[in-house]
Every structure is written in C-alpha cells, then in structure tokens.
Amino acid sequence: MPDDAVTMDKIVSLCKRRGLIFPASEIYGGIANTYDYGHYGVLLKRNVVDAWWQAMIGDRDDIVALDSAIIQHPRTWEASGHLAGFTDPLVDCRTCGQRFRADHLDAEHDVRCPRKPSVLPGQGPDCNLTEAREFNLMFETTIGPVQEAGSTVYLRPETAQGIFLDFKTVLGFARRKPPFGIAQVGKSFRNEITPGNFIFRTLEFEQMEMEYFVPPDDAHRWYLHWLEARMDWYERLGIRGDHLRLRAHEQDELSHYSSATSDVEYLYPIGWQELEGIANRGNFDLTQHAQYSGEKLEYFDQQSGERYVPHVIEPAAGVGRATLALLCDAYDEDELGGEARTVLKLHPRMAPVKVAVLPLVRKDGQPELAHEVRNLLRRRMQTEYDEGGSIGRRYRRQDEIGTPWCVTIDHQSLEDRTVTVRDRDTLTQDRVAIDELPDVLAGKLEAPWISPKLLVED
Ligand code: GAP
C-alpha cells in the first residue's frame, strides 16, 4: 500500500470541492459508476490526451490519426469475439435484488452484502444467490424507431475495432508500410457492475489506443519497444517511477486474441492496478475481419513481392485512469503559516492552469495592470485571473488545483512594472519584470521536472 497522504476519499472530495470531477446526474441521485468533468477536470484530461497525441503523432512519423464511429456494423462484434466472449459471470441475490460478479465474491475484492456489510454476499443469514450466469458487457441499442430483426447495434466496448475496420482504407491513403500505426482517442462503453472506485472503472470512459501493424517476424521486437515507450511516457508525465510497474500476464490471464500482454500498473491508493494494457494481438483481428467481411486485409510489399497479414502490437490506455494516477501521484498535504494546505504537485505541463494572476488589492490600478499581465500570458499558456478573497486564500485555491505559479501584482508593480512569481512547490517568491514574464514562465514550463514528493522521499 502507498505510504503518502493520499487516499481515494481525499481525491474524491478534492475533485468535488474544486469541481474537477463529480458524480453525474446528481440532481436525480446519481447514476452508477458515471462521472462528469468540470472546468479544471476537462483541462487536466485534455493535457493527458494532448500528451498522448504528442507521443504518438507529434514525436513520430510512423503513426497516423483516426476518429472512427462509436456505433459500427454489428458483425464487427461477432468477428472480434466480443458478442460471444466479452462477458462477466454474474449472480443475483433474490433477497436484496443486488447483482454481483461471481468471481469477486472473496475477501480480496471486498464486495459486501448490502444488508449485512460485515459479511461477503452469499454469507448473510438472508442471502439467496442465483447460479452464476454470463452477462455481456456491451450496451445494446437499435437503429431505427422499432426494434426488429437486424436492427440491434452496440456501443463500442473498445476503440480498437474501428481501427481494424479502417485498416485497408487508411493503408490506401496514408502512404505508410508496416511497421506503422493507427491511433485513436474516444469514448468506449462497458456495462460494468463492479463498484468503480471513482473514475477507475466507469460505464463510459475514454480510451487512447494505437494499433501498430508490423511484419509477423518483427512482432516480439516491437512488443518490447512499446512496453518501454509506454512506461517512459508515464514517467514523462511526472508520475513517480517507484509508483509504476510492468506486469506480464500469466498464460491463463491472456485474452483470446493475445499471445503476450503486459499491464502498466500504478500504485493507486487501492493498491497496484492496471493503467494501460500492451498486447501482442498477432494477426487475430485482421484475419477475423477478413473472414467475416470477405475483404482482403493484408499488406503487399511491392519491393519484395511478399504478401502478408500484419501482426499488431496494441498499447491501450484509459484517459480516466491516467488522470486518476496523476491526481493520486500529485496529491499532498503540508502546513503553511500554521495552517494545513492541500496541494496538487502536478507536472507543470499537466496542470490545468499554468499561471494565476492575482492583484494584491482590488484598487489603486492593480486590477487593471493584472488584466494587462493576464492578457500578455494567456496566448502562451492557460492563465486564470482571480481577485476574490484574501491573497492567502487565493494561493490555497490555486494550490488545490495544482497551479504551479501565481503572479502577484502589488503596489511596487505600479511603480517599476515588476511582479512576484510564487512557486507552488518551493514557495519562493521571485521578482520578475512584466516584459520578461512570458519568456520566464515559458522557460519554466519547458524545464526538466521531477515530482517534489520524490525529493521529500529521498
Ligand atoms: N483494446 C484493448 C482493450 O480495450 P482493456 O485492457 O480492456 O483493453 C484498455 O482496456 C484500457 O482502457 C485499460 O487499461 C483502462 O485504462 C481502460 N479501461 C478499460 N475499462 C475501463 C472502465 N470500465 N473504466 C475506465 N477505464 C477503463
């Protein structure tokens, strides 16, 4: 278990208090495992997605982007194996009406009987569980106004399949040859009944998936490449290395399509859990879709005259899980001027707001100069203006959302056009000329960074 101040309850409460992430449909009492992202949550999540796109298509030439439809032809899920095999074994309790995963009825999963929380479901005096039945995790809906044969479709449970369906089309216009990848970010949907641990497991969630198509003989080499590249990416987001690990799946854990899978795991407050899966999917998907659609899904190498079905290496990450890992890794508590402070020590490039501009008082021309400074900075980085409340309270508000720098306009600023820059982590205050401020802050944003929590741990 982690040793720092963070708990899941503290993260949930901070996210709600500062409007980052909160339960959806709250005025109706909420809806299971479903959350909404508010202003700062959207900015944080967007930084995660932007960093992923940067790593996939900004930093490399061998990957192209795609945005495929959420509702695909229903045959997709027959071919992929989801219709037959994407199931959880569930039991119902005839007494309390609750539904449980049959494979989670042990102390390790800590699911409790709703009537007698001191025991596991099935062990209470009134518990009356049904036999386990397999439930498909895909959400079903229909195309057209009436439900009739052939009208059933599914909300995608993974973004990956859209990439396989478009393989041939993309190959045609992308002017790429294996090894090359197709990347996409988008919502996926799973009818999860397991309690979610905040945004760790939700009914709808964003995935960042990339299918990397390679010559069959090169698959293992590229699998190893992506294991290393993806671990490295999380560290570059500022996540502490000792809170990340790679865990190879045992043979009996592997999905039907996979010959090797490793999870990137993060040490969440609930223990080590999957952040991302990296799978060697072989040629399973292209072969299946070729068989079900009748289209040839292969690559013809004109130089060598070789024709083959590429193998696929797939790094599949969740935006919510990465966002949650960032929040957990950054959360800290300390004391400032005798008062407790909650602070998110986020990597500055991940922070929702990079700089807050704060006039010390709401008079004497300070708000006007502060607006001028805000306008100077906002084109370079996410900037916020705040003049409400004491300066101490305003610093605390910014600390709680992880803003790395607060720029304060005081009486001296009016005299010599300098401001103070307060650092969230070191709490130092440096005087900087307004004209130099954009470059100074941009330089800080580009500078190498390690979590200040690591420095304390040392
Ligand atoms: N295409 C492969 C695939 O979807 P997965 O391990 O089922 O693999 C990939 O999902 C990632 O998507 C997970 O590592 C996780 O980050 C995220 N994910 C999966 N189910 C989720 C859920 N119910 N809620 C939040 N994130 C989820």
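Our structure's up above, just so we're on the same page.
Model, not experiment: these values are computed from the prediction.

Student: Give me the lowdown on the sheet that holds strand β16 (residues 311-318), citing residues and values where you can.
Tutor: Pairing is mixed across the open sheet formed by 7 strands, whose spatial order is β3-β9-β10-β16-β13-β12-β11. Each end of this open sheet is capped by a strand with a single partner; those strands are β3 (63-65) and β11 (244-248). Ignoring which end each strand starts from, the neighbouring axes of this sheet average 25 degrees apart. Pairing of β11 with strand β12 (residues 260-268) involves 5 bridges; the strand directions are antiparallel. Its bridge partner being in β12, leucine 244 is matched across the sheet by tyrosine 266. Where helix α6 (residues 167-174) meets the sheet, it contacts β3, β9 (180-189) and β10 (204-214), and its direction lies at approximately 135 degrees from that of β9.

Student: Describe the site of the ligand, listing the residues and the values that go with them.
Tutor: Near the ligand there are 20 residues, and of these Glu158, Arg190, Glu192, Glu209 and Glu274 occur at the shortest range. Contacts to the ligand include glutamine 207, whose side-chain N or O atom sits 3.0 Å from an oxygen atom. Side-chain polar atom of glutamate 274 to an oxygen atom of the ligand: 2.5 Å apart, as the coordinates give it. Secondary structure elements with two or more residues in the shell around the ligand: β10, β13 (271-282) and β16. It is β13 that provides the largest number of residues to the shell around the ligand, a total of 5 residues. For the shell around the ligand, the class distribution of residues is 6 nonpolar, 4 polar and 10 charged.

Student: Got a sec to walk through empty space enclosed by the protein? Specific residues and values, please.
Tutor: A full pass over the atoms with the stated rule returns 1 cavity of 30 Å³ or more. Space inside the largest cavity adds up to approximately 50 Å³. Forming the walls of the largest cavity are Leu237, Gly238, Ile239, Leu326, Asp329, Ala330, Lys345, Leu346, His347, Trp449 and Ser451. A breakdown of the residues in the lining of the largest cavity according to their chemical character gives 6 nonpolar, 3 polar and 2 charged.

Student: Just give me the short version of the packing of helix α1 (residues 8-17) against helix α9 (residues 319-330), but keep the residues and values in it.
Tutor: When two helices pack together, their arrangement is given by the angle between the helix axes and the distance between those axes. At their nearest, the axes of α1 and α9 sit 10 Å apart, and the two run at 105 degrees to each other. It follows that α1 is roughly perpendicular to α9 by the angle criterion. Contacts between α1 and α9 involve Met8, Ile11 and Cys15 on the former and, on the latter, Leu324, Leu327 and Cys328. Counted by class, the contact of α1 with α9 contains 6 nonpolar, no polar and no charged residues.

Student: Mind laying out the pattern of salt bridges, listing which residues take part and the relevant values?
Tutor: Pairing between side chains of opposite charge can happen when their charged atoms approach one another. Applying the stated rule across the entire model yields 37 salt bridges. Between lysine 45 and glutamate 206 there is a salt bridge; the shortest N-O distance is 2.6 Å. Of this pair, lysine 45 sits in helix α2 (residues 39-58) while glutamate 206 sits in strand β10, and the two are 161 residues apart along the sequence. Taking the relative accessible area as the measure of exposure, lysine 45 reaches 17% and is therefore buried. Residue arginine 133 is joined to aspartate 92 by a salt bridge in which the shortest nitrogen-to-oxygen separation is 2.5 Å. One end of the pair, arginine 133, is in strand β6 (residues 133-136); the other, aspartate 92, is in strand β4 (residues 87-92), with 41 residues separating them in the sequence. Judged by relative accessible area, which is 14%, aspartate 92 ranks as buried. Through salt bridges with shared partners, one network takes in Arg245, Arg247, Glu253, Asp263 and Glu265.

Student: Before we move on, can you summarise the layout of surface pockets with the specific residues and values?
Tutor: As a volume, the second largest pocket reaches approximately 350 Å³. Along its surface, the second largest pocket is lined by 14 residues, and Asp50, Ala51, Gln54, Arg349 and Met350 are the ones closest to its centre. The set of elements that each furnish at least two residues to the lining of the second largest pocket consists of α2 and α7 (219-236). By residue number, the principal contributor to the lining of the second largest pocket is α2, which donates 5 residues.

Student: Can you explain the nonpolar core? Please cite residues and give values.
Tutor: Ile11, Met208, Trp226, Trp233, Tyr234 and Leu324 are the most contacted members of the largest nonpolar core, which has 60 residues in total. Considering each element in turn, this core owes the most residues, 9 residues, to α2. Setting aside anything within four residues of it in sequence, one finds tyrosine 234 in contact with Ile239, Leu244, Val264, Leu275, Glu276, Ala317 and Ala322. Val373, Tyr385, Val421 and Leu441 belong to the second largest nonpolar core, which has 19 residues in total.

Student: Give me helix α13 (residues 437-446): which residues, what numbers.
Tutor: Restricting attention to buried positions, one finds in α13 the residues Leu437, Pro438, Leu441, Ala442 and Leu445. Seen along its axis, α13 keeps its buried residues to an arc of 125 degrees; they face one direction. More than 90 degrees from the buried face of α13, the exposed residues found are Asp439 and Glu446. Against the buried residues of α13 lie β19 (355-359), α10 (366-378), β21 (405-409), β22 (418-423) and β23 (429-433).

Student: Could you give an account of a nonpolar patch on the surface, with specific residues and numbers?
Tutor: There is a patch of nonpolar side chains on the surface, built from Ile70, Ile71 and Ile143 and spanning about 240 Å² of accessible area. Positionally, isoleucine 70 belongs in the loop between β3 and α3 (75-80).

Analysis parameters
- Residues numbered from 1 in each chain as written.
- Predicted model: local features only at pLDDT ≥ 70, side-chain atom pairs only at ≥ 80, totals over all residues.
- Heavy atoms only, no water.
- Pairing = 2+ DSSP bridges.
- Helix = DSSP H or I, 4+ residues; strand = E, 2+ residues; numbered from the N terminus.
- Axes fitted to C-alpha atoms, helices over the stretch in contact; angles between N-to-C directions.
- Contact = heavy atoms within 4.5 Å.
- Near = heavy atom within 4 Å.
- Polar contact = N/O pair within 3.5 Å; in protein donor to acceptor, adjacent residues only side chain to side chain.
- Nonpolar A, V, L, I, M, F, W, Y, C, P; charged D, E, K, R; others polar.
- 1 Å grid on protein atoms, 1.4 Å probe; cavity = no way out; pocket = protein on both sides within 12 Å on 5 of 7 lines; lining within 4 Å.
- Points joined across faces, edges and corners; volume = space filled by probe spheres on them.
- Parallel < 35°, antiparallel > 145°, perpendicular 65-115°, else oblique.
- Salt bridge = Lys/Arg side-chain N within 4 Å of Asp/Glu carboxyl O.
- Buried < 20%, exposed > 50% of the residue type's maximum accessible area, 1.4 Å probe, protein only.
- Core = buried A, V, L, I, M, F, W, Y, C linked by side-chain atoms within 4.5 Å.
- Arc of directions from axis to C-beta.
- Patch = residues over 30% accessible without salt bridge, like charges linked within 9 Å, V, L, I, M, F, W, Y side chains within 5 Å.
- Areas by Shrake-Rupley, 256 points an atom, 1.4 Å probe, with all protein chains shown as cover.

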